[in-house]
Amino acid sequence: MDDQKHLEHEQNKPEDAERSTENPEEMKQSEENSTEMKIAEKKEIEPKKPEVPKKKLEKGPTKKRASIGKGSILVEPIKRRSFFSWLTLAWVAFTAATGTFFGMMLRFMFPNVLFEPKQTFKAGYPDDYTIGEVTTSLKEKYGVWIIRDTEHIYALSVVCTHLGCTPNWLQNERKFKCPCHGSGFRKSGINFEGPAPRPLERYKIVLADDGQILIDKTKKFAYEKGQWSDSESYLVV
Amino acid sequence: MDLIKSVINTLASPTILFTLIIVTFFFIFPLNDWFYRWNKRLKLDSFWTNRGGIKMFIILLVFFAFGLFDENFRLIVLKPDNVPIVGLIFLVAFFTWLSMKQAVDNDVHIENNENVNEYSDPDDKVLTWPDLVYIELIALVLCTVLLIVWSIGLQAPLEEPANPTLSPNPAKAPWYFLGLQEMLVYFDPWIAGVLFPSLMIVGLMAIPYLDTNKKGVGYYSFKQRMMAVSLYMFGWLVLWVLLIIIGTFLRGPNWNFFGPFEYWDLHKLQPLTNINLSEYVYIIWFSTGMPDNILLREIWGILLILGYFLILPPLFAKTWLKNLYNRLGNFRYSVFIILILFALSMPIKMYLRWMVNLKYIVAIPEYFFNI
Amino acid sequence: MSKSEKKKKESILLRLGNSQVWKSIIRSGVPRDRRGRMLSVLNSVFLHLHPVRMPKHAVKLKYTWCMGGLSFYIFLVLTITGILLMFYYRPTIEYAYTDMIDLREQVPLGIMREIHRWGAHLMVITVWLHMFRVFMTGSYKSPREFNWVVGVMLLTLTLLLSFTGYLLPWDQLAIWAITVGTNMARATPFLGHEGPGAALLSIGDINLVHAGSDVRFALLGGRFVGEAALLRFYVLHCIGLPFIIVIFMAVHFWRIRKDGGISTPL
């Protein structure tokens, strides 16, 4: 019954109730919550003058800590006795252990075995390719263009040297054009427009025993390193 | 109709569009008192009134409504993944207006030594429950409704299954990275893809440590922090949002430029033969042929870059950034000016590419080092 | 309703509010007066992100735009829809794309993916606008500098989350965006095999940094965007990055209060 009366009292005179919460003396009479309430009220007051109490708080503990450090017997004698203290050793050990741990995590991201499609394949006979044309039929399956000019056959990588998109061969304009950022390459693979920094790469191309063309994508030849003169980078026909 | 379209198409060509925007930008968002006076004289601050806002909104709306009658424009705008960008344009315009309106309003109050609009008596606070909690609830409900309606109305985009050997044409990054993709056209990947994004993050983080101006906390204001606001606006509106818009609306097949109402012709021919600075120097100017030594070949570009980053900062510090230098001190000024120079290198390189087809200032593809 | 009936009804509500069960859940009971309202914020683990009282301008939409709160809310929506999507989605080249179609056509109420995707776009926008608001009100200035830094981290993480999620449908849009994105990593100075300086890191003839040992490889788990890349991005998207962003968010919210609450004019 008392409770109900109390509630009614609060309802009927809301202003009174409000005052009661803000008056510390009456707070004692109410329930457990009242202590928390006081804290709340204090918190509310603090931000009005945030600077003064904060500074005091900051100064207080640091002074104390400093005095503890000076007075401690443990640190100074050891420093005098040995070149490195146990503390240094502990820190070094800790750093080394943490470093190793992160190193292991990093190494974990590089597996030893990769499951990738086969990188060498046979691409038919040299006579399958017309002189002066770019063969795009192998692009989808193997990711190469095979180009035959008057003397050579070479295999161009279909990966744009800018950011790895796949350029398209535009028959009318006689160029490779990358749709991502507009790099253009000539039939030889030399870059001439757009942001590509260097020519397309060529793959290793040799004749297999059965007379077919054998292309090995694991070996690449870059023009700017002068590797296009390497005898494996083209096939003499 | 066609005349208007062709006029807009011409205006949208990068050189004209970018020049127009860069020239007008700092009159709209003045950097210093000189610009500010012109801003007042040209009455450009009338953007930030109710009437100006409504006018801007109507212009934007009319443009999009007009554009929807055009087939090419419709194709771009109604692509599901581009819907957020149209939303972004309206939202950015609205919130820029809203913040600037309040800022200009407060500037007047400050000039008259009055309290700013946000000021209220520190003792006269409102309760979080219910005043704030209910507003949050309503915002959440509205947001949820928006999301559900959007999701029912528009299917999430799903293209053909992945095919590693066939790049779509044009191949675009997610729209919020189109600014980066645009940069990739002008810079080597290690600059546009690694250095610039890192610098953007670092630069944003550095803002509170570089801006030593104590004024303007807790209320919208412009005049008190003119330079900070205008620079931020430049970075955010021009170097980020505008590049996204360009990437969305103006970049077509083969990453060529197209006007917003132009047909995306797969075979549009744009001669883009680009020339390195070293080739300009040795082949066109000296006509001697390229030297074999890499360092000798690229020395001009390297000198140019070093000059840009080593000579310009002290030069500015002595001349028209003198006040700023005195205010910020050595270290803050250096960080600030380097960040600004990096940001400016972006439009500079874009212009060089458009005007003289310059490819790289320093080109050492042998070591993957191109600038 | 007569007066007595009304009184009776109220007293039922009141009794409910005073019952042991209710009070055990919500200590302070039904917030009816000033004290109750303050306690309801103070005693709730969720609401006490907010201070009990705040300056008048802090509750005005015109000032806050509500963008920070909405960003957090959309993050929660994305978490929930993301968990739901994980029930159906398998991160393999064989199934990823078909699972996407199934999500649209075979699963009842098939707009979860839409909500997730559009929500992700919306979150990017709200985070940008939140940052814009904080800048325009000068709220990054002392003593809130560090919280701005944390905010920039959150922005970056939001973009990364969005980016990693982009690969998962395994459609044309996905793999080319990711191909372009990760090829930038290939050009990282010293760490990528086509970045400046990589050629200098070698012992004798052996290059230390090559296609099988650079940052791009660590991201993709292979030399191409393939099966391993899909799995890695999936794990990063669902567990790795959310784990990190939640930590940063906790710091962000905590620091708002510790740095003096919402910014106010002096």
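Residues numbered from 1 in each chain as written. Chains lettered and ligands numbered in written order. Predicted model: local features only at pLDDT ≥ 70, side-chain atom pairs only at ≥ 80, totals over all residues. Heavy atoms only, no water.

Asker: Sorry, what's going on with the overall build of chain C here?
Answerer: Along its length, chain C carries 11 helices and three strands. Shown N-terminal to C-terminal, the secondary structure of chain C runs as helices and strands in the order α-α-α-β-α-α-α-α-α-α-β-β-α-α. Within chain C, the proportion of its 266 residues that are buried is 55%. Long-range pairs, those at least 24 residues apart, make up 61% of the contacts in chain C with a sequence separation of at least 6. Accessible surface computed for chain C: about 12,600 Å², of which carbon and sulfur atoms make up 68%. (Helix = DSSP H or I, 4+ residues; strand = E, 2+ residues; numbered from the N terminus. Buried < 20%, exposed > 50% of the residue type's maximum accessible area, 1.4 Å probe, protein only. Contact = heavy atoms within 4.5 Å. Areas by Shrake-Rupley, 256 points an atom, 1.4 Å probe, with all protein chains shown as cover.)

Asker: Just to check I follow, could you spell out the overall build of chain B for this structure?
Answerer: The helix and strand tally for chain B stands at 14 helices and three strands. The burial tally for chain B puts 50% of its 371 residues in the buried class. Sequence separation of at least 24 residues holds for 66% of the intrachain contacts in chain B that already meet a minimum separation of 6. Here chain B displays about 18,100 Å² of accessible surface, and carbon together with sulfur accounts for 71% of that area.

Asker: Where do I start with the packing of aromatic side chains in this structure?
Answerer: Within a pair of aromatic rings, the relevant descriptors are the distance that separates the centres and the angle that separates the planes. For the structure shown, the criterion picks out 65 aromatic pairs over all chains. For the ring pair B:Trp34 and B:Phe35, a centre distance of 5.1 Å and an interplane angle of 80 degrees mean the geometry is edge-to-face. Relative to B:Phe342, the ring of B:Phe196 lies with its centre 6.2 Å away and its plane at 85 degrees, an arrangement referred to as edge-to-face. Remark: B:Phe342 occurs in helix 14 (residues 322–356) and B:Phe196 occurs in helix 9 (residues 189–210); sequence separation between them is 146 residues. Comparing B:Phe196 with B:Phe342, the two get one shared label, buried. The ring of A:Tyr154 carries the charged tip of A:Arg202 above its face, separated from the ring centre by 3.8 Å. The aromatic ring of A:Trp228 is capped on one face by A:Arg202, whose charged end is 3.6 Å from the ring centroid. (Phe/Tyr/Trp six-rings, centres within 6.5 Å; stacked < 30°, edge-to-face > 60°. Lys NZ or Arg CZ within 6 Å of the ring centre and 35° of its normal.)

Asker: Please clarify how the nonpolar core should be interpreted in this entry.
Answerer: Within soluble globular proteins, side chains that are nonpolar tend to cluster in buried spots. Counting 181 residues, the largest nonpolar core has B:Trp175 and C:Trp128 as the members making the most contacts within it. Sorting elements by how many residues they give to this core places helix 10 (residues 226–250) of chain B first, with 17 residues. The contact partners of C:Trp128, leaving out residues within four places of it in the chain, are B:Leu88, B:Trp175, B:Tyr176, B:Trp236, B:Trp240, B:Ile244 and C:Leu155. Residues A:Val144, A:Ile146, A:Tyr203 and A:Ile215 belong to the second largest nonpolar core, which totals 13 residues. (Core = buried A, V, L, I, M, F, W, Y, C linked by side-chain atoms within 4.5 Å.)

Asker: I'm lost on the packing of helix 9 of chain B against helix 8 (residues 145–167) of chain C in this one. Help?
Answerer: Interhelical geometry of helix 9 of chain B versus helix 8 of chain C gives an angle of 165 degrees and a closest axis separation of 8 Å. Considering the angle they form, helix 9 of chain B stands roughly antiparallel to helix 8 of chain C. As for the relative orientation of helix 9 of chain B and helix 8 of chain C, their crossing is right-handed in sense. Note on element contacts: helix 8 of chain C touches helix 9 of chain B through C:Glu145, C:Phe146, C:Trp148, C:Val149, C:Val152, C:Met153, C:Leu155 and C:Thr156, opposite B:Ile201, B:Leu204, B:Met205, B:Ile207, B:Pro208 and B:Tyr209. Across the contact of helix 9 of chain B with helix 8 of chain C, the residue classes tally to 12 nonpolar, one polar and one charged. (Axes fitted to C-alpha atoms, helices over the stretch in contact; angles between N-to-C directions. Parallel < 35°, antiparallel > 145°, perpendicular 65-115°, else oblique. Left-handed = near helix turned anticlockwise from the far one by under 90°. Nonpolar A, V, L, I, M, F, W, Y, C, P; charged D, E, K, R; others polar.)

Asker: Looking at this structure, how should I read the state of the cysteines?
Answerer: Each disulfide consists of one covalent bond between the sulfur atoms belonging to two cysteines. Residues and elements named next belong to chain A. According to the stated counting rule, one finds zero disulfides over all chains in the structure shown. Of the cysteine sulfurs around Cys178, a residue in no disulfide, the closest is that of Cys160, at 3.8 Å. For Cys178, a relative accessible area of 2% gives the class buried. (Disulfide = S-S within 2.5 Å.)

Asker: Mind showing me how you'd approach empty space enclosed by the protein here?
Answerer: Picture a little ball the size of a water molecule; that probe, rolled over the atoms, points out where space is still empty. According to the stated counting rule, one finds three cavities of 30 Å³ or more in the structure shown. In this structure, the largest cavity occupies an estimated 100 Å³ of space. Around the largest cavity, the lining comprises 13 residues; the ones closest to its centre are A:Pro197, B:Asp188, B:Pro189, B:Phe368 and C:Glu194. For the lining of the largest cavity, the secondary structure elements donating two or more residues are helix 9 of chain B together with helix 9 (172–186) of chain C. Looking at side-chain class alone, the lining of the largest cavity contains five nonpolar, four polar and four charged residues. Approximately 70 Å³ is the volume attributed to the second largest cavity. In terms of lining residues, the second largest cavity is bounded by B:Ile28, B:Pro30, B:Tyr36, B:Asn39, B:Lys40, B:Asp45, B:Trp48, B:Met100, B:Val104, B:Asp107 and B:Phe222. Elements supplying a minimum of two residues to the lining of the second largest cavity: helix 3 (33–41) and helix 6 (83–111) of chain B. (1 Å grid on protein atoms, 1.4 Å probe; cavity = no way out; pocket = protein on both sides within 12 Å on 5 of 7 lines; lining within 4 Å. Points joined across faces, edges and corners; volume = space filled by probe spheres on them.)

Asker: Just checking my understanding: could you explain the sheet that holds strand 7 (residues 184–185) of chain A for this structure?
Answerer: To summarise the sheet geometry, strands pair through backbone hydrogen bonds and adopt either a parallel or an antiparallel arrangement. All names here are of chain A. Spatial ordering of the open sheet is given by 5-6-7-8, a layout of four strands whose pairing is antiparallel. Bordering the open sheet on either side are strand 5 (168–170) and strand 8 (191–193), each of which pairs with just one other strand. Inspection of the sheet shows strand 5 paired to strand 6 (residues 175–177) by three bridges, in the antiparallel sense. Along strand 6, the bridge assignment pairs Asn168 with Lys177. (Pairing = 2+ DSSP bridges.)

Asker: What's the story with the interface of chain B and chain C in this structure? I'm lost.
Answerer: On the side of chain C, 89 residues touch chain B, which itself brings 88 residues to the contact. Across the contact surface, chain B and chain C share three salt bridges. In this structure, B:Asp211 engages C:Lys141 in a salt bridge whose closest nitrogen and oxygen atoms are separated by 3.5 Å. Of all the secondary-structure elements, those providing two or more residues to the side of chain B that touches chain C are helix 6, strand 1 (126–127), helix 7 (128–153), helix 9 and helix 10 of chain B. In terms of residue count, the dominant contributor to the side of chain B that touches chain C is helix 7 of chain B (18 residues). Class assignment of the residues belonging to the side of chain B that touches chain C gives a composition of 61 nonpolar, 16 polar and 11 charged. Bridge count for strand 1 of chain B against strand 1 (residues 53–54) of chain C is two bridges, and the pairing is antiparallel. Along strand 1 of chain C, the bridge assignment pairs B:Leu127 with C:Arg53. (Salt bridge = Lys/Arg side-chain N within 4 Å of Asp/Glu carboxyl O.)

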